[in-house]
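# Structure at a glance
The primary structure of each chain is shown beneath.
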Amino acid sequence: MKLFFTLWGASLRSRMQYKGNFLFSSFTYGLIMAVDFLMLAAILLRFDDVMGWTIYEVGYLYGIASASMSLYRLLAPEIHEFERYMVEGEFDSLLIRPVPPLTLLLTRNLELSRIGGVVQGIAILVLSLHGLAATTHWLPALLYLPVAFISGLIISFALGLITATLAFWTQRIKDFQAFTLYAPNNAASYPMSIYPGWLKWILFTVLPVAFIAYVPALYLLDKGGTWHNLWVSPAVAGVFLWISLRFWRFGIRYYHSTGS
Amino acid sequence: MVYWELLIKNIKVQFQYRIAHMINNLGSLIFGFIYIAIWVGVLTGKEEGSPYSATDMTHYMAYGQALLWMTIFLTPGLGIPNRVRNGAISLEMARPVSYFTYTAAQEAGRIIYNLCFRSIPILLIFALTVGIHLPTNPISYLWMTVAAAVAIWLSINLHYLIGISACWTYEISGAHFMIVTLLFGLGGQLVPLDLLPGNLGLWAQWLPFAGVLYTPVIIYLEKAGMEALLIPVLWASVLTLFNLWLTGRARRKLEIQGG
């Protein structure tokens, strides 16, 4: 663990050498994601709600989903860009170090510009909770946020790791990510009740993003869930993380170098 | 004809990655289903106050999702920034062809590939699952094709403008993100521009971004006639002239990095 933080510290220091670029790119990412939410706000401003969910309630889901994805992109860029290690044959150099490859990958780099996305997610949450203050129990929704961020980060990371592991067989993973990461994360930003049955089934099982925000929000926002929803999400996140780590180890065993 | 050769060659290059692209199409379809679900959820029971019915919006999102691959998801800066960085641009500009047409022809190859292997398969799946709008008036098919062609012309110009600016700035990733965001937001990808609040909905229709997605989609849905193409054609013409002028400046300015 100590090694983990030492490597992390070094990576952080190296990234902060370019402060101007960091500030500009953080601002740009935050802005881009804000435009996306503004479009949704424009719809709900005109039509009031989507299947009984108001803009503040959807905002609660949206804020958690986008902060979770940004946290994953911030902390694990080398997992996200893993195909580089396969295509350029760099993975060999990780295997000969005395540290597990996953630890090395997680400490190699931090994509600090994604902080903009985290800030944007939190800003949407602040606005949404402010809007919810008059109507529901906003305090439990606020207190639950740290748990939601952690389970959201873990589910996003596990999805990222499973996708990265596919690279051991397919080399390239960029095209998978649209299906395994971007689309599900986008889906997690809205209530699952709007989706057709087959899509709902996928989002609760194979790509379990429903547990990032929707499941606990059902109870917290008084949408018909029980208090059990609060512990189910972190539990699913834990199990899914365990599955992804097993799959990663399985993938490494089948790794063949490209020989470059 | 050299431009034709470039176009065909680039289709062949893209064809090498067809299986990866088919997998990516799944992601694109899921995005489409999410947007359709949002609109159906929003409009259920509220269709009276809206110029678009839930079925309209389903067709709007499905067609938009197919069109994206030809008008918004172009190569960042049409690949010019890489050639500025490795110096290849000096040789390309020295050739006795128009650099603008040379770059546009290569991108056109990719767009034709995307039409066959992304847009049409995506639209077919939507047609089989949520249904498809088929224009009732035969002339609408002509305008729909013209509108898509204008959208592509406009988008190539917007992306070329970002790309050629690399001769001065070297780095365009921020500018590319910005243009894609504007194309999504003010291009009417999630929200038809006439539904945007207040004056934003009005002036967004005067900007070039509208012609890239919103205009071709409403022409396809037969909610607007060919007159809606006037502003996009004007923008595309102005941008083409400006890009040709800028290419001339770039040729004179050209600084080669390590070439």
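Since the structure is predicted, the reported quantities are computational estimates derived from the model, not experimental observations.

### So, the UniProt feature "transmembrane region" (unreviewed entry) in chain A
Residues and elements named next belong to chain A. In the numbering adopted here, UniProt assigns the feature "transmembrane region" (unreviewed entry) to residues 21–47, 59–76, 115–135, 141–169, 201–221 and 227–248. Counting secondary structure, residues 115–135 comes out at 86% helix and 0% strand; the distance between its end C-alpha atoms is 31 Å. Between the C-alpha atoms that bound residues 227–248 the distance is 33 Å, and the span itself is 95% helix and 0% strand.

### Notes on the packing of helix H7 (residues 138–164) of chain B against helix H9 (residues 173–185) of chain B
Residue and element names in this part refer to chain B. Here H7 crosses H9 at 160 degrees, and the two axes come no closer than 10 Å. The angle between H7 and H9 places the two elements in the roughly antiparallel class. As for how H7 packs across H9, the hand of that crossing is right-handed. Here H7 contributes Leu158, His159 and Ile162 to the contact with H9, which in turn contributes Ala175, His176, Ile179 and Leu183. Its residues assigned to classes, the contact of H7 with H9 comprises five nonpolar, two polar and no charged.

### Thoughts on the pattern of salt bridges
Residue and element names in this part refer to chain A. By the definition in use, this model includes ten salt bridges over all chains. Here lysine 174 ties to glutamate 81 by a salt bridge, and the two come within 3.2 Å at their closest N and O atoms. Taken together, the residues lysine 174 in helix H11 (residues 174–188) and glutamate 81 in the loop between helix H4 (77–80) and helix H5 (83–87) connect sequence positions 93 residues apart. Through salt bridges with shared partners, a single ionic network connects Glu78, Arg84 and Glu90.

### Re the confidence of the model for chain B
With 98% of its residues at a pLDDT of 70 or more, chain B shows a mean pLDDT of 88. If you check the scores for this complex, the pTM reads 0.88 and the ipTM reads 0.85.

### Quick notes on unusual backbone geometry
Residues other than glycine seldom take positive phi values, yet aspartate 222 of chain A does so here, at roughly 60 degrees. Among the structural elements, aspartate 222 of chain A can be located in the loop between helix H13 (214–220) and helix H14 (228–253). The exposure class of aspartate 222 of chain A is exposed, given its relative accessible area of 56%. One non-glycine residue, leucine 78 of chain B, lies in the positive phi region at around 50 degrees. Structurally, leucine 78 of chain B can be placed in the loop between helix H3 (54–71) and helix H4 (80–86).

Reading guide: rules and limits
Residues numbered from 1 in each chain as written. Chains lettered and ligands numbered in written order. Predicted model: local features only at pLDDT ≥ 70, side-chain atom pairs only at ≥ 80, totals over all residues. Heavy atoms only, no water. UniProt positions renumbered as here; feature names shortened; annotations may be inferred. Helix = DSSP H or I, 4+ residues; strand = E, 2+ residues; numbered from the N terminus. Axes fitted to C-alpha atoms, helices over the stretch in contact; angles between N-to-C directions. Parallel < 35°, antiparallel > 145°, perpendicular 65-115°, else oblique. Left-handed = near helix turned anticlockwise from the far one by under 90°. Contact = heavy atoms within 4.5 Å. Nonpolar A, V, L, I, M, F, W, Y, C, P; charged D, E, K, R; others polar. Salt bridge = Lys/Arg side-chain N within 4 Å of Asp/Glu carboxyl O. pLDDT = per-residue confidence, 0-100. Buried < 20%, exposed > 50% of the residue type's maximum accessible area, 1.4 Å probe, protein only.

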